[in-house]
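Listed here are the chains, written in short residue letters.
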Amino acid sequence: MNSNKITYGSVFTVGLMLFALFLGAGNMIFPPLLGQQSGDSSWVAIAGFLLTGVGLPLLGVISIAKSGGSPMDLASRVHPIFGIIFTIILYLAIGPFFGIPRTATVSYEIGVLPFLTQDTAGGWTLLLFSILFFAATAWLSLNPAKLVDRIGKILTPVLVVILAVLVGGAFINPMGEPGQAVAGYADSPFITGFLEGYLTLDAIAALVFAIVIISAIQNKGVTDRKQVVRAAVFAGLIAASGLAAVYISLSYLGATSLNAVGVQDNGGALLSAAANYLYGSSGAIILGIAIGAACLTTSIGLVSATSSYFSRTFPNISYKKFVIIFSVFSMMIANIGLAQLIAVSVPVLVMIYPMTIVLIILSFLDKTIKGKQAVYVGAIIPTFILGVSDGLAAAGFTALASAFSFLPLMDQSLGWILPAIAGGLIGLFIPSGSGSTAPVKPTN
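This structure is a prediction, so every number in the text was calculated from the model and none was measured. (Residues numbered from 1 in each chain as written. Predicted model: local features only at pLDDT ≥ 70, side-chain atom pairs only at ≥ 80, totals over all residues. Heavy atoms only, no water.)

**Observations concerning the overall build of the chain**
Helices and strands together make up the secondary structure of the chain, namely 21 helices and 0 strands. The principal-axis extents of the C-alpha atoms in the chain amount to approximately 70 × 55 × 40 Å. Within the chain, contacts between residues at least 6 apart in sequence are counted, and of these 80% link residues at least 24 apart. (Helix = DSSP H or I, 4+ residues; strand = E, 2+ residues; numbered from the N terminus. Contact = heavy atoms within 4.5 Å.)

**Side note on the environment of Ala183**
Assignment of secondary structure puts Ala183 in the loop between helix 9 (147–172) and helix 10 (184–187). Overall, Ala183 belongs to the exposed group, its relative accessible area being 58%. Residues Ala183 and Phe209, 26 residues apart in the sequence, show an inter-C-alpha distance of 34 Å. (Buried < 20%, exposed > 50% of the residue type's maximum accessible area, 1.4 Å probe, protein only.)

**Things to note about the packing of helix 8 (residues 124–141) against helix 17 (residues 319–336)**
In the contact formed by helix 8 and helix 17, the axes pass within 9 Å of each other and the chain directions differ by 160 degrees. Accordingly, the angle class assigned to the pair helix 8 and helix 17 is roughly antiparallel. Between helix 8 and helix 17 lies a crossing whose hand is right-handed. When helix 8 is examined against helix 17, the residues Leu126, Leu127, Ser130, Ile131, Phe134, Thr137, Ala138 and Ser141 are found in contact with a partner set consisting of Tyr319, Val323, Ile324, Ser327, Ser330, Met331, Ala334 and Asn335. The class makeup of the residues in the contact of helix 8 with helix 17 is 10 nonpolar, 6 polar and no charged. (Axes fitted to C-alpha atoms, helices over the stretch in contact; angles between N-to-C directions. Parallel < 35°, antiparallel > 145°, perpendicular 65-115°, else oblique. Left-handed = near helix turned anticlockwise from the far one by under 90°. Nonpolar A, V, L, I, M, F, W, Y, C, P; charged D, E, K, R; others polar.)

**Overview of unusual backbone geometry**
The phi angle of most residues is negative, glycine excepted, and most peptide bonds adopt the trans form. The backbone phi angle of Ala183 is positive, close to 55 degrees, even though this residue is not glycine. The backbone phi angle of Ser413 is positive, close to 60 degrees, even though this residue is not glycine. Checked against the element boundaries, Ser413 lands in the loop between helix 20 (399–403) and helix 21 (417–428).

**Considerations on the pattern of salt bridges**
Throughout the structure, instances matching the rule amount to 1 salt bridge. The shortest N-O distance in the salt bridge between Asp366 and Arg77 comes to 3.6 Å. Residue Asp366 is found in the loop between helix 18 (338–364) and helix 19 (373–394), and its partner Arg77 is found in the loop between helix 5 (71–75) and helix 6 (80–94); the two are separated by 289 residues along the sequence. For Arg77, a relative accessible area of 8% translates into the label buried. (Salt bridge = Lys/Arg side-chain N within 4 Å of Asp/Glu carboxyl O.)

**Observations regarding helix 13 (residues 225–255)**
Side chains three or four residues apart in an α-helix point the same way, a direct result of the helix having 3.6 residues per turn. A rise of 1.5 Å per residue sets the reference length of helix 13, with its 31 residues, at 45 Å; its end C-alpha atoms lie 44 Å apart and thus fit the reference within 8%. A distance of 3.2 Å separates the backbone nitrogen of Lys226 from a side-chain oxygen at the start of helix 13, and that oxygen is part of Asp224. (Expected span 1.5 Å × (residues − 1). Polar contact = N/O pair within 3.5 Å; in protein donor to acceptor, adjacent residues only side chain to side chain.)

**Notes on the layout of surface pockets**
Space inside the largest pocket adds up to approximately 750 Å³. Residue lining of the largest pocket: 36 residues in total, with Gly26, Phe98, Arg102, Thr200 and Leu201 positioned closest to the centre. Counting only elements with at least two residues in the lining of the largest pocket, the list comes to helix 1 (8–22), helix 2 (25–38), helix 7 (99–111), helix 12 (202–219), helix 16 (282–313) and helix 18. Looking at side-chain class alone, the lining of the largest pocket contains 23 nonpolar, 9 polar and 4 charged residues. (1 Å grid on protein atoms, 1.4 Å probe; cavity = no way out; pocket = protein on both sides within 12 Å on 5 of 7 lines; lining within 4 Å. Points joined across faces, edges and corners; volume = space filled by probe spheres on them.)

**Here we look at the packing of aromatic side chains**
By convention here, two paired aromatic rings are described through the distance between centres and the angle between planes. Applying the stated criterion across every chain yields a total of 15 aromatic pairs. Relative to Phe322, the ring of Phe310 has its centre 5.9 Å away and its plane inclined at 45 degrees; by these criteria the two rings are tilted. Linking Phe310 in helix 16 with Phe322 in helix 17, this pair joins segments that are 12 residues apart in sequence. This pair shows no difference in class: Phe310 is buried, exactly as Phe322 is. Among the aromatic residues, those joined into a ring-pair cluster are Tyr91, Tyr309, Phe310, Phe314, Phe322 and Phe326. One Lys or Arg, Arg150, reaches over the ring of Trp139 and ends 4.8 Å from the middle of that ring. (Phe/Tyr/Trp six-rings, centres within 6.5 Å; stacked < 30°, edge-to-face > 60°. Lys NZ or Arg CZ within 6 Å of the ring centre and 35° of its normal.)

**Section: the confidence of the model for the chain**
In the predicted model, the chain carries a mean pLDDT of 88, and 95% of its residues have values of at least 70. This stretch, residues 434–444, has a pLDDT under 50; its non-local contacts, to residues over four places away or in other chains, come to 22 contacts. (pLDDT = per-residue confidence, 0-100.)

**Comments concerning the environment of Gly424**
Position of Gly424 among the secondary structure elements: in helix 21. The contact partners of Gly424, leaving out residues within four places of it in the chain, are Val375, Gly378 and Ala379.

**Things to note about a nonpolar patch on the surface**
Together, Leu418, Ile421, Leu425, Leu428 and Phe429 make up a nonpolar patch on the protein surface, roughly 520 Å² of accessible area in all. By the secondary structure assignment, Leu418 is in helix 21. (Patch = residues over 30% accessible without salt bridge, like charges linked within 9 Å, V, L, I, M, F, W, Y side chains within 5 Å. Areas by Shrake-Rupley, 256 points an atom, 1.4 Å probe, with all protein chains shown as cover.)

**Brief notes about helix 16**
Between its terminal C-alpha atoms helix 16 stretches 47 Å, which fits the 46 Å expected from 32 residues at 1.5 Å a residue. In terms of burial, helix 16 is a largely internal element, 25 of the 32 residues being buried.

**Description of the side chain of Thr356**
In this fold, Thr356 is placed in helix 18. Once you skip the residues sitting within four places of it in the chain, Thr356 turns out to touch Phe86, Leu90, Ala203, Ile204 and Leu207.

**A closer look at the environment of Ile291**
In this structure, Ile291 sits in helix 16. With 113 residues separating them in the primary sequence, Ile291 and Pro178 have C-alpha atoms 25 Å apart. Beyond its immediate sequence surroundings of up to four residues, Ile291 is in contact with Ala25, Met28, Val106, Ser107 and Ile110.

As structure tokens, then:
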């Protein structure tokens with residue numbers, strides 16, 4: 001194969017894989033609740049959701065592809081030490097300390113627990129399920145060269161068919177008419193939807209999954225950096241299109257569900273009630289398979305990406321050993337301490353999320369600002385401070401957040417935006433010796 005080209009079919013398959021990696025259980029739960037709560041304003045609300053829930057992850061994949069292939073390449077533009085620390089925290093927080101164990105517990109709670117009696121729920125059944133789940137995750141992750149075939153060509157089509165069945169019933173046999181918008185959707189549906197998409201934290205996942213996508217493209221024989229970036233962009237667009245279609249469909253399901261299933265407190269309960277209404281007792285099976293497939297592909301992606309990064313950072317330990325380590329660790333956490341880890345990991349994710357967005361945006365402005373390190377530092381410092389404030393608030397410590405309550409959008413966890421812009425502009429006018437960071441090495 002020509003090292004500078006990749007076939008459209010291969011790009012499409014890589015895009016399907018990326019779509020499946022992003023589409024975890026959490027992504028399936030947000031849109032239905034958004035649809036029900038926004039009611040007759042659901043189209044406006046989902047537009048805001050797509051801007052951040054799809055747009056930011058797409059930009060994240062592209063930014064990593066352009067910057068060198070790893071979040072560390074991007075974060076090191078602030079400072080090399082910051083790049084290392086930021087990237088390690090990012091991978092651990094969204095990987096084995098939160099994201100990976102949660103894929104198993106959510107699959108169990110939605111796909112298995114409804115079929116168990118009170119005597120068999122939890123305990124040994126969760127242990128058995130998590131062992132099987134992570135054994136499958138490890139086996140499918142051990143050979144990264146086969147990830148495209150295993151996910152893009154097999155698991156993704158299965159997931160798409162199941163989702164089509166799940167939401168297709170809502171289009172063929174609508175459950176009712178949308179109700180009136182409630183909560184924040186009544187006054188500002190677009191902004192509320194925008195914030196819901198922001199809270200998916202998928203921009204962080206984009207930085208993590210980008211390493212898998214770039215490796216998949218390179219495994220197709222593409223070595224030219226420009227062609228790698230080009231293929232990553234097209235794969236990202238395919239994934240984004242798929243995510244948008246799923247989110248719009250699920251929000252429509254939620255918007256038309258009010259009369260049939262009543263008001264639901266969360267998206268999981270809403271999906272379960274809607275599946276039961278549309279398909280009776282078979283609905284729970286369909287939903288369970290859909291959630292299980294979505295969680296398995298996300299688990300594979302997170303284990304593969306985390307193992308790839310750490311095997312490159314610590315070359316004395318092989319990729320396959322890291323796959324086993326992270327799979328076993330995640331299995332243990334899923335059984336003995338997920339609640340405690342979530343209590344720690346979620347505030348950390350909330351803390352680094354604003355910095356992730358700032359880094360992504362600056363990557364697209366890098367040529368304009370001539371790669372000036374002071375701009376990166378000036379934008380990151382206030383974002384870091386306010387990110388810590390939001391993280392502490394998520395952990396229940398609101399004193400620091402109260403001190404910054406005067407900032408616009410602080411109540412929406414977006415108080416970092418104006419200080420980041422101001423810090424970046426200040427950095428732009430600070431003289432520097434080199435005027436830019438060290439050049440980023442191309443991915444081989």
